[in-house]
Amino acid sequence: MTDAPVLAVRGLSTQFRIGGAWRAATRNVAFDLFENQTLALVGESGCGKSITCQAILGLLPHGVARVEGSIRYRGRELVGLAEPEMEGIRGSEIAMIFQEPMTALNPVMPVGEQIAEAILVHRKCARAEAKAEAIAFMDRVRIPAAAQRYRDYPHQFSGGMRQRIVIAMAMACKPKVLLADEPTTALDVTIQAQILAELRDLCANFRMSMVFITHSLGVVAAIADAVAVMYAGEIVEMAPVEELFAAPKHPYTQALFRAIPRVDENAEGLQPIPGQVPPITAFGEGCRFAPRCPARMPRCTGPTPRLAGAPGSGHAVACYLHHSETLDAEAAR
Amino acid sequence: MARYALLKLLYAIPTLLAVLVLVFVLTRIIPGDPAQLILGDQATPEAVAALRAQLGLDKSVALQFLDFLVGVLHGDFGTSIVSGQSVVSLAAGVLPATLELTVASLLVGIVFGVPLGAWSAMRRNRLPDIAVRIGSLVGLSLPAFVFGILLLIVFAVQLGWFPVISPSGEVGILERLRALVLPSITLGILMAAYITRVTRSSMLQVLGEDFIRTARAKGVPWWQVVRRHALRNAIIPVVTVVGLYLGVLIGNSVLTEMVFNRPGLGKLIVGALAQRDYPVLQGLMVLYTLLIILANLVTDLAYGVFNPRVRFA
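Note that this is a predicted model, so its numbers are computed, not measured. (Residues numbered from 1 in each chain as written. Chains lettered and ligands numbered in written order. Predicted model: local features only at pLDDT ≥ 70, side-chain atom pairs only at ≥ 80, totals over all residues.)

Trainee: How would you explain the overall build of chain A if you had to name every residue and give the values?
Mentor: In terms of helices and strands, chain A carries 11 helices and 11 strands. Dimensions of chain A, computed from C-alpha atoms along their principal axes, come out at roughly 65 × 50 × 45 Å. The buried share of chain A, taken over its 333 residues, is 44%. (Helix = DSSP H or I, 4+ residues; strand = E, 2+ residues; numbered from the N terminus. Buried ≥ 20, exposed ≤ 12 C-beta atoms within 10 Å, placed from the backbone.)

Below you can see the structure in the form of structure tokens.
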């Protein structure tokens, strides 16, 4: 994991046109994804996790959304890439699976054909060959009697089975990077565990990297190598998973941990985070968590704190509470 | 699929029965005695009574209905008072012309409606969309007798590209098709306008669905996403609308046949009305109903083809 990152995101800003004005939904998002690594993007709903993933694949609607910054896939710049070239990357190099297995599949197309389509789009091969491969992948994600079910339609499958099909579809071209947008949120808990195990397996077998979006810290612990915590369109803390769980630094991350129910504690110990994520139209300067932050200082509403950490630690945080450490470390260099 | 088709066929039976009752009652409540009408004012009461007996009008209403029902089941739709020909042979002579017109108009509707609707949806709120929306509104508002006559004046009378009056009797296939162009456009434009509107709105809805994004995330080129994923889903409500308006289309064919002076069921029924030829009127109404029921049946079956969720239900 010391090589160059498979995916390097720098200064990614995604803007939407709302009522005539461009509003930034994400600001200055930066992360590296290495081979065979799973990075979890964590945060409340509406904090820009999904948008970041869709921006990577160039799936945001033109004219309504615009993407600035840099997304490098194995050294190749994806921002501003022409649509036909982007189509060559989608599915074959970087694939995506979505939150809602019930609506993510085309209802009038047999599931097997939908998987085979992903193969046929990227590779010149016979239909029969694509079909055989699609069945092999359906088998691989443990769909019972895969060959017989090739011609079945999505409505003939349960939610968990559909998500397996979506995964098979994403894996069909053996992509290097998988963007998983809350793939287990819509499923019940036992199925959730199965799907997570499946994804972990696939990542290991194909030496695939994964960006895993979730708002569940439990899921993060189960699957991630590294975690990026997002708040209101920005990454506020990034760390290897053990380190983040051992010592969360950003007040928002700490608040997230306090909001997890535990069986060995009273429910009174559960502390919800007061207030709400500000709407996109109300993003201002300064730390966006400041209005809800228990440790707010006067300088928090000044210039935005940048994501920084002690060199080599791999633990970075965008908070003035910790900036003295960072500055000391920088001065010591 | 066979089970689904059979079920739909069974559903058609009560509809047909209801229509038979309605047609029978309607012809009975028309004022005036058919026998008197046939024989005229000067007829003797004896002659009228004899004819009544011959027509079976002296029997009870229930028995008359039974006769009518048995006749229909045997394919006997009555005999024309005017020409003495059976309704079936009269209708059979002109049915091909009417079917030809209906099918051609349906094709006009689909061939223009679906692509225009899809194009309009993909250029939403831009110039093509606005043009198509206005065009379809015009298409919806133009009555056949206005639009048909306009077409006739421009393309038949002024430019002479198409015949003014449809040729009757045996003519070559090319001549037949040439005569079909203006009437099928006249009749088809309403269908095209409806189909355009439904395709547009259904396409707009489908383009926002998750599975479109999934297909794009697979790297499927945009035009292929539209054709293979969006259109195949968007077409389902269109099939429903086509089915609903097939009845309207068949009804409107009467007017179109009159405007273009084409032989057909429409001209036959209008002629029968003018001559008070009640048996023909009654028989043709049943025939029209059969046509519409058949059209709906085909639509239901087509719906099963396009929508797998119905097929297995």
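After that view of the structure, there is still more to cover.
Trainee: Just give me the short version of the interface of chain B and chain A, but keep the residues and values in it.
Mentor: Of the residues lining the interface, 18 residues belong to chain B; the matching set on chain A comes to 24 residues. If you list the elements that add at least two residues to the side of chain B that touches chain A, you get helix H9 (210-217), helix H10 (222-260) and helix H13 (308-311) of chain B. Among the elements that take part in the side of chain B that touches chain A, H9(B) stands out by supplying seven residues, more than any other. Of the residues assigned to the side of chain B that touches chain A, the class counts are six nonpolar, five polar and seven charged. (Contact = placed C-beta atoms within 7 Å. Nonpolar A, V, L, I, M, F, W, Y, C, P; charged D, E, K, R; others polar.)

Trainee: Lay out the sheet that holds strand S4 (residues 65-73) of chain A in plain terms, naming residues and giving numbers.
Mentor: Residues and elements named next belong to chain A. Reading across from one edge, S2-S1-S4-S5 is the order of the four strands in this open sheet, with antiparallel pairing throughout. Edge positions in the sheet fall to strand S2 (21-33) and strand S5 (76-77), since each of these pairs with one other strand and no more. Pairing between S4 and S5: two bridges, direction antiparallel. Following the sheet pairing, Arg72 is matched in S5 by Glu77. (Pairing = 2+ DSSP bridges.)

Trainee: Explain the pairing of strand S8 (residues 209-214) of chain A residue by residue, including any values.
Mentor: Residue and element names in this part refer to chain A. For S8, the buried fraction is high: six of the six residues fall into the buried class. Alternating residues of S8 divide into Ser209, Val211 and Ile213 and Met210, Phe212 and Thr214, and every residue in both groups is buried. The sheet contact formed by strand S7 (residues 177-181) and S8 spans five bridges and is parallel. If you follow Leu179 over to S8, its bridge partner there is Val211. Between the parallel elements S7 and S8, the chain passes through helix H7 (residues 189-206) in a crossover that is right-handed. (Right-handed = clockwise from strand over helix to strand, strands pointing away.)

Function-wise, these values are silent; they only describe arrangement.
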